[in-house]
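# Survey of secondary and tertiary structure
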Amino acid sequence: MAKEARMKVGFLGLGIMGSRMAANLMKHGYELVVFNRTPQKAEGLLQQGAAWAETPRAVAGGVDLLFTMLAHPEAVQVMALGPNGFLDGMKAGTLWIDCSTVHPSFSRQMAEEAKARQVRFLDAPVAGTKGPAAAGQLTFLVGGDASDLAECQPMLEAMGSRIVHAGVNGQGTSLKMVVNLLLAQGMLAFAEGMVLGQALGLDRELLFQVLLGGPVASPFTASKREKIEGGEYEADFPLRWLHKDLQMAGIAAYEHGVVLPATSLAKEVYGLAARLGMADLDFSAIYRLLSGEMNLPE
Ligand SMILES: NC(=O)c1ccc[n+]([C@@H]2O[C@H](COP(=O)([O-])OP(=O)(O)OC[C@H]3O[C@@H](n4cnc5c(N)ncnc54)[C@H](OP(=O)(O)O)[C@@H]3O)[C@@H](O)[C@H]2O)c1
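Residues numbered from 1 in each chain as written. Predicted model: local features only at pLDDT ≥ 70, side-chain atom pairs only at ≥ 80, totals over all residues. Heavy atoms only, no water.

## Focus: the packing of helix α11 (residues 239-255) against helix α12 (residues 261-278)
The following threshold applies: Throughout, an axis means a line fitted to C-alpha atoms (over the contacting stretch in the case of helices), and angles, computed between N-to-C directions, take values from 0 to 180 degrees. Every helix listed is a DSSP run of H or I at least four residues long, and every strand listed is a run of E at least two residues long, numbered separately from the N terminus. An angle below 35 degrees is treated as roughly parallel, one above 145 as roughly antiparallel, one from 65 to 115 as roughly perpendicular, and anything else as oblique. In a left-handed crossing the near helix is turned counterclockwise from the far helix by less than a right angle, and in a right-handed crossing that turn is clockwise. Whether two residues are in contact is decided by their heavy atoms, any of which lying within 4.5 Å being enough.
Running from N to C, α11 and α12 point in directions that differ by 150°, and their axes come no closer than 9 Å. On the basis of their axis angle, the class for α11 and α12 is roughly antiparallel. Helix-helix and strand crossings are classified by hand; for α11 and α12 the assignment is left-handed. Where α11 approaches α12, its residues Leu239, Leu242, His243, Leu246, Gln247 and Ala249 are matched on the opposing element by Thr263, Ala266, Lys267, Tyr270, Gly271, Ala273, Ala274 and Met278.

And the structure:
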């Protein structure tokens, strides 16, 4: 077993992504201390030998390195700096790696908060969804010092197959904003294409074949075919978080003096879908909204 594999690692945020990422760390021999707002979601990991901490702060004291995989900036803020937050409990010189999708200025703010406590910080959001998270095939988009990245590289390699060092703190989440802007619009464009094609009397199978077999659709859309065909949208990536990501891309654009008209429009379409009860479905349910297949869950 590698030397790093005996390191004690903290992991906070055991949702769709975090639970699978943490499981891969354990598979690679890392000793885990975990916390999640909803404790039940830790049960699988505890059965595999992870230790439970009663508060985020209780995770921090005993670990060499701490990962967070949380929903949004508010969740990161409360876990890091709220009552019993972990940041004040981390030992000087240890490393916090935030894998949550948050906006870049928030990442830079967290880097400052960490630095003020002699804690090192990397923003390391991921590209890839539930399946790649389970398979250890995520792409990490990392912002921060190369030496800090080198330190946690074996752990990122336990969870991912590609690691991109984008630059200083905030550049990992900057790249993530750009990636998800394309993800949202690619899905929306595909849904519109399918809806129009079928309204024009084109065969659905033919549309799938032509759109997914050629260069016009984003490559990831092929992975959504089964959900669209089956009309079942169990979340790999909850629509509510893509809506959140578009909101954050808008914040980043405002802060940097650029405009994103198509992204803003897409944000409102996903927001409407969320309002109509699709927030917890996979974001590909945007097709359901446009197609009129409004068979919403009870
Ligand atoms: N799913 C994907 O395909 C995917 C892909 C790339 C990136 N991401 C990003 O990864 C992050 C996690 O996504 P996910 O899909 O794993 O979402 P998820 O299943 O909804 O998990 C969200 C996590 O955040 C915690 N959380 C939410 N609000 C909180 C609060 N106010 N205080 C404390 N904890 C809070 C949740 O705790 P509870 O369990 O108590 O609710 C849970 O641990 C998000 O930033 C998302 O945008 C997701």
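After presenting the structure, the write-up continues.
## Here's the deal with the layout of surface pockets
Short version of the rule: The pocket and cavity definitions rest on a 1 Å grid over protein atoms only: a 1.4 Å probe that fits but cannot leave marks a cavity, an open set with protein on both sides within 12 Å along at least five of seven lines marks a pocket, and residues lining either have an atom within 4 Å of a point. Grid points are joined across faces, edges and corners, and a volume is the space filled by probe spheres set on the points. Side-chain classes follow a simple rule in which Ala, Val, Leu, Ile, Met, Phe, Trp, Tyr, Cys and Pro form the nonpolar group, Asp, Glu, Lys and Arg form the charged group, and the remainder, Gly included, forms the polar group.
Of the voids in this model, the largest pocket is the one considered here, and its volume is about 1100 Å³. What lines the largest pocket is a set of 42 residues, and nearest its centre among them are Met17, Met69, Phe237, Pro238 and Trp241. Where the lining of the largest pocket is concerned, the elements lending two or more residues are α1 (16-27), α4 (73-81), β7 (126-127), α8 (171-199) and α11. In terms of residue count, α8 provides more of the lining of the largest pocket than any other element does, five residues in total. Its residues assigned to classes, the lining of the largest pocket shows 21 nonpolar, 14 polar and seven charged. In this model, the second largest pocket occupies a volume close to 210 Å³. Taken together, Arg108, Ala111, Glu112, Lys115, Val119, Arg120, Phe121, Gly144, Asp145, Asp148 and Asn169 make up the full set of residues lining the second largest pocket. Of all the elements in the fold, those that place two or more residues in the lining of the second largest pocket are α5 (104-116) and β6 (120-123). Per element, the largest residue contribution to the lining of the second largest pocket is four residues, and it comes from α5. Grouping the constituent residues of the lining of the second largest pocket by class yields three nonpolar, two polar and six charged.

## Focus on the nonpolar core
Stated formally: Here, the term nonpolar core denotes a set of buried Ala, Val, Leu, Ile, Met, Phe, Trp, Tyr and Cys residues that are joined through side-chain atoms within 4.5 Å. Accessibility here uses a 1.4 Å probe with only protein chains present; expressed as a share of the type maximum, an area under 20% marks a residue as buried, one over 50% as exposed, and anything in between as partly exposed.
Phe11, Met21, Leu25, Leu32, Phe67, Ile97 and Phe140 are the most contacted members of the largest nonpolar core, which has 35 residues in total. Breaking this core down by element, the ones donating at least two residues are β1 (8-12), α1, β2 (31-35), β4 (65-68), β5 (95-98), β8 (138-143) and α7 (146-159). Residue contacts for Met21: discarding those within four places in its chain leaves Phe11, Met69, Cys99, Val126, Leu138, Phe140 and Met159. One finds Met187, Ile228, Phe237 and Leu239 within the second-largest nonpolar core, a separate group that totals 28 residues.

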